[in-house]
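Analysis of the macromolecular model
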Amino acid sequence: MHIRPRRNRKSAAVRFHAQETHLHVGQLIYPLFLFDGKNIKEEVKSLPGNFRWSLDRLIPEVESCMKLGITTFVLFPAVDEKLKDKTASYSYADDNFYLHAIYTLKEQFPECCIMTDVAMDPYSSDGHDGFVHDGQIMNDETLPILAKMSVAQAQAGADILGPSDMMDGRVGYMREALDESGFTNVSIMSYTAKYASAFYGPFRDALDSAPKAGDKKTYQMNPANKKEALIEAQLDMYEGADYLMVKPALPYLDIIHLLKENCDIPISAYNVSGECAMLIAACQNGWLDYEKAMPEMLLSIKRAGADVILTYFAKSFAQMKADGKL
Ligand code: PBG
């Protein structure tokens, strides 16, 4: 035998030489749930270790994450039921606590990168990402609402907007609204291939944002489809997206790979709440070793082709790096 692949695995030093994929803390985006009020840090039951924060408690949390090397945060608002309506008007209201939080975080930590969520569901009395009329999710009627939300978030100082709604044409529509308002430098990370997945459960618990009727299958993609992700990717690139996202990540590694091979802008993947919850649950039962399984999970997403990963494990991965465990 002249060729022995095991030679490149013989020691930690040699294994590192031969390592093809590296995951850096700067490639992770940390999702955080925001709640209006003061002194609130409330654990999301179905996502242990993750919390709904009021802004005063969130500020030191963001600071400690930044000390660990996390640069980018994606914020999601948990909105009081009383403020929800059919047109998600609170999403761009002047006294919106989410917009205020973006502004305050950027003021306190100008170097941090803040990503937002653009979709109606946290603010909608119907719990859908689009405007509902006669039980239908209306595509074109939703676009001006998303555009208003986008401009409001850009005004608050957001660096990257994340349309997660899956309406057709929304990236181009948002881009135009942003540019017309002078926000040519605000980026769009489009949820390009977002599937109608069962893995969003804990997130909807965190925001109380589950649909009041029906499901999201008329706008989110069919989990059985792959080629369709390329159509979505082409449209988003053509409409001016700066990043393309695949969501969820683990059950869709083939889609991450497909977009990485076919598109020349950065690819991101959302390691969603349900993926994280199932790993946490197995570890709590003693069935998996958290410090081994968690980094392996993130590395697999990177290896598939993701340049950046949105993950609830961002802080604990960063902590493990800081502790010299990785
Ligand atoms: C909705 C939105 C969802 C997530 C991010 N934005 C849920 C949904 O589509 O119902 C899920 C994220 C996660 O599960 O971690 N606009």
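Summary of the structure given here. As the structure is a computational prediction, the values presented were derived from the model and not from experiment. (Residues numbered from 1 in each chain as written. Predicted model: local features only at pLDDT ≥ 70, side-chain atom pairs only at ≥ 80, totals over all residues. Heavy atoms only, no water.)

**What to know about the side chain of S300**
Position of S300 among the secondary structure elements: in helix 10 (residues 290-304). Classification of S300 as buried rests on a relative accessible area of 10%. The residues touching S300, leaving out its near neighbours within four places in the chain, are L250 and L253. (Helix = DSSP H or I, 4+ residues; strand = E, 2+ residues; numbered from the N terminus. Buried < 20%, exposed > 50% of the residue type's maximum accessible area, 1.4 Å probe, protein only. Contact = heavy atoms within 4.5 Å.)

**Concerning the site of the ligand**
In the region of the ligand, 17 residues are neighbours, and K194, R204, K247, S273 and Y312 sit closest. D129 is positioned such that a nitrogen or oxygen atom in its side chain is 3.2 Å from a nitrogen atom of the ligand. Contact between the ligand and K194: an oxygen atom at 2.7 Å from a side-chain N or O atom of the residue. Most atoms of the ligand, that is more than half of them, are within 2 Å of grid points of the largest cavity. (Near = heavy atom within 4 Å. Polar contact = N/O pair within 3.5 Å; in protein donor to acceptor, adjacent residues only side chain to side chain. 1 Å grid on protein atoms, 1.4 Å probe; cavity = no way out; pocket = protein on both sides within 12 Å on 5 of 7 lines; lining within 4 Å. Sits in = over half its atoms within 2 Å of the grid points.)

**Focus on the layout of surface pockets**
Empty space within the largest pocket amounts to approximately 540 Å³. Along its surface, the largest pocket is lined by 17 residues, and Q19, P295, L299, K325 and L326 are the ones closest to its centre. For the lining of the largest pocket, the secondary-structure elements that each account for two or more residues are helix 1 (12-17), helix 10 and helix 11 (314-322). With five residues, helix 10 is the largest single contributor of residues to the lining of the largest pocket. Taken as a whole, the second largest pocket spans an internal volume of roughly 210 Å³. Counting only elements with at least two residues in the lining of the second largest pocket, the list comes to strand 1 (28-35), strand 3 (51-53) and helix 11. Per-element tally for the lining of the second largest pocket: the top contributor is strand 1, with four residues. Considered class by class, the residues forming the lining of the second largest pocket number 11 nonpolar, three polar and three charged. (Points joined across faces, edges and corners; volume = space filled by probe spheres on them. Nonpolar A, V, L, I, M, F, W, Y, C, P; charged D, E, K, R; others polar.)

**What about a positive patch on the surface?**
A surface patch of positive charge is lined by R4, R6, R7, R9 and K10. Examined against the element boundaries, R6 turns out to sit in the segment before helix 1. (Patch = residues over 30% accessible without salt bridge, like charges linked within 9 Å, V, L, I, M, F, W, Y side chains within 5 Å. Areas by Shrake-Rupley, 256 points an atom, 1.4 Å probe, with all protein chains shown as cover. Salt bridge = Lys/Arg side-chain N within 4 Å of Asp/Glu carboxyl O. Lys, Arg positive; Asp, Glu negative; His and termini not counted. Charge placed at Lys NZ, Arg CZ, Asp CG, Glu CD.)

**Here we look at the environment of M66**
Structurally, M66 is set in helix 2 (residues 55-67). The class of M66 is buried, set by a relative accessible area of 19%. Residues M66 and M237, spaced 171 residues apart in sequence, show a C-alpha to C-alpha distance of 31 Å. Leave out the neighbours within four places in its chain, and M66 touches F73, F109, E111 and C112.

**As for the nonpolar core**
Formed by 114 residues in total, the largest nonpolar core has its most connected members in F33, F73, L75, L105, M115, I256 and Y270. Here this core gets nine residues from one element, more than from any other, and that element is helix 4 (residues 139-156). The residues touching M115, leaving out its near neighbours within four places in the chain, are I29, F73, V74, L75, Y98, I160, G162, M189, Y191, M245 and L310. (Core = buried A, V, L, I, M, F, W, Y, C linked by side-chain atoms within 4.5 Å.)

**A closer look at the pattern of salt bridges**
A complete count under the given rule lists 17 salt bridges for this structure. For E61, the salt bridge is made with K315, and the minimal N-O distance between the two is 3.3 Å. You can see E61 sitting in helix 2 and its partner K315 sitting in helix 11, a full 254 residues away along the chain. Judged by relative accessible area, E61 falls into the buried class, the value being 11%. One salt-bridge network, in which partners are shared between bridges, spans E42, R52 and D208.

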